[in-house]
Each structure stands twice: as structure tokens, then as C-alpha cells.
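Structural features, examined
Chain residues, written in single-letter form:
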Amino acid sequence: TGTASRPTALAVALCLCTALAAGALAQEARPPREEDVKGAFVFNFLRLVDWPAEDGRTSGAWSLVVLGDGTTVPGLQSLAGKIVKGHPLEVQVVSDPRTIPAADALFITASASAHLEDVVRSVAGASTLTISEMNGADVHDTAINLLVEDGRVVFSVNRSAARRAGLHLSSRLLTAARYVDGTLGRRP
């Protein structure tokens, strides 16, 4: 009986190990959360945009202000302390559109969409990269808009809004955009 139970115990152990390994692989293969993907996009936007005052920047942190709340906020807060163009990134979340401080970039969450026009108007004339997450690819007010299509996060670029802020968008950013100036880009 000792030899008969040994193969059975070995088979059970092998099945258990296989099941545990499959579970671990399934967890690793889980797609990233939407808020983390949006955070990664925003971090790369900051790296792929040139600000007019950037040439003379010798010290100081880059600033990202997030207006509103929602699931995207933790992904953006996780960017705090990351290095952008040789300087740390500071992230500040505000809930009142009347209290938006000066910033290099302003992310307007979907929860703050009712204030979009007023908020963009309040930063007019400043070299602030405006980023939103509104439904629809053709958002005229912000330089970049994140949206979800077919379960994937994509983005649109409004070159006029970027130019009004005195910003230069890199060709790499424009090539990666799903939409440029309301027109479907090259990427599927």
C-alpha cells in the first residue's frame, strides 16, 4: 500500500502545483488597470511635450494638477516623485475649479467635465498642457483627451489648443495619437 499511495500523492501534489502556477500566471497576465494606463500615458505626454520656459529651467519640480476625483486619480498620484526631464514631478489634486494653482500640466477628470470650458479659459495664456478624459474624440478645449475605445485607452490631440498654450508636441506623440485634430490617426 505504501508504493500505491506514493504515486497518487505525487500526482495530487503535481496537480496542486500546476493549479497554483496557472493561477499565478493568470494573475500576472491580468491586463493593467485603466487608471494605471492613463497614468502612464500622462507621464509620457509630459516627456513628449516641450514648454517654452523649459529651455531656461535649471531647478524646480514639474507640476501636475488634477481637477476632480474618480478612478483615474490614484494612477496620476502614483506619478509623484517620478523624474520628468531631469526634475521631480509634483502632483496636486484639487476639487474646486476656482482653486487651480499654476501648473505645467492640468488633468481634468471626467467628474469635472461640467467645468471644462471655464477651467480651460482660466489657464488661457499660460503654458499649461491641458489633458482631459471626456467621451468622444473631438474635444476642442484641451490639448490631449484620453478616451476608451473597444476596451483600450487611446488619446486624441488638439494641436490648436497646444499652440495656444505655446507648447510643442513631438512627432512621436502625434504619431501615437488615435485622433489628431478630430481626424482618425494612423494607428488602429
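Residues numbered from 1 in each chain as written. Predicted model: local features only at pLDDT ≥ 70, side-chain atom pairs only at ≥ 80, totals over all residues. Heavy atoms only, no water.

Comments concerning the layout of surface pockets
Rules: Computed over the protein atoms alone on a 1 Å grid, cavities are sets of points where a 1.4 Å probe fits but cannot get out and pockets are open sets with protein on both sides within 12 Å along at least five of seven lines; a residue lines them when it has an atom within 4 Å of a point. Grid points are joined across faces, edges and corners, and a volume is the space filled by probe spheres set on the points. To qualify as a helix, a DSSP run of H or I must reach at least 4 residues; to qualify as a strand, a run of E must reach at least 2; elements of each kind are numbered from the N terminus. All amino acids are sorted into three groups, where Ala, Val, Leu, Ile, Met, Phe, Trp, Tyr, Cys and Pro are nonpolar, Asp, Glu, Lys and Arg are charged, and the leftover types, Gly among them, are polar.
Quantified by volume, the largest pocket comes out at close to 200 Å³. Surrounding the largest pocket, 16 residues form its lining, V120, A124, D141, A161 and R164 being those nearest its centre. Mapped by element, the contributors of at least two residues to the lining of the largest pocket are α4 (116-122), β6 (129-132) and α5 (159-164). Counting residues per element, the lining of the largest pocket draws most heavily on α5, at three residues. Tallied by class, residues from the lining of the largest pocket come to 10 nonpolar, three polar and three charged.

Notes on the environment of P97
The criterion, for reference: Pairs of residues are marked as contacts when any of their non-hydrogen atoms sit within 4.5 Å.
As for its position among the elements, P97 is in the loop between β4 (87-94) and β5 (105-108). Through-space distance from the C-alpha of P97 to that of G68 is 8.3 Å; in sequence the pair is 29 residues apart. P97 has contacts with L67, H115 and V119, leaving out every residue within four places of it along the chain.

Quick notes on the nonpolar core
Test applied: Think of a nonpolar core as a cluster: buried Ala, Val, Leu, Ile, Met, Phe, Trp, Tyr and Cys residues, connected wherever their side-chain atoms sit within 4.5 Å. Partly exposed residues are those whose accessible area sits between 20% and 50% of the maximum for their type, while under 20% is buried and over 50% is exposed, using a 1.4 Å probe and protein chains only.
V42, F45, L64 and L129 are the most contacted members of the largest nonpolar core, which totals 33 residues. For this core, the secondary structure elements donating two or more residues are α2 (34-47), β2 (62-67), α3 (72-77), β5, β6, β7 (144-149), β8 (152-157) and α5. Ranked by residue count, the leading element in this core is α2, at four residues. For L64, the contacting residues outside a window of four places in its chain are V42, L76, L79, L89, E90, V91, Q92, A105, L106 and F107. I100, A103, V123 and M134 belong to the second-largest nonpolar core, a separate cluster that totals 13 residues.

So, the confidence of the model for the protein chain
Going by this rule: The score called pLDDT rates the predictor's confidence residue by residue, from a low of 0 to a high of 100.
Here the protein chain shows a mean pLDDT of 83. Residues at 70 or above account for 77%. Across residues 7-26, where pLDDT falls below 50, the model places zero contacts with residues more than four positions away in sequence or in other chains.

A short note on α2
To be explicit about the condition: Helix span is expected to be 1.5 Å times the residue number reduced by one. Here, the arc refers to the directions that run from the helix axis to the C-beta atoms.
The end-to-end C-alpha separation of α2 is 20 Å, in line with the 20 Å expected for 14 residues at 1.5 Å each. Within α2, burial applies to E35, K38, G39, V42, F43, F45 and L46. The buried residues of α2 occupy an angular sector of 160° when the element is viewed end-on, so they sit on one face.

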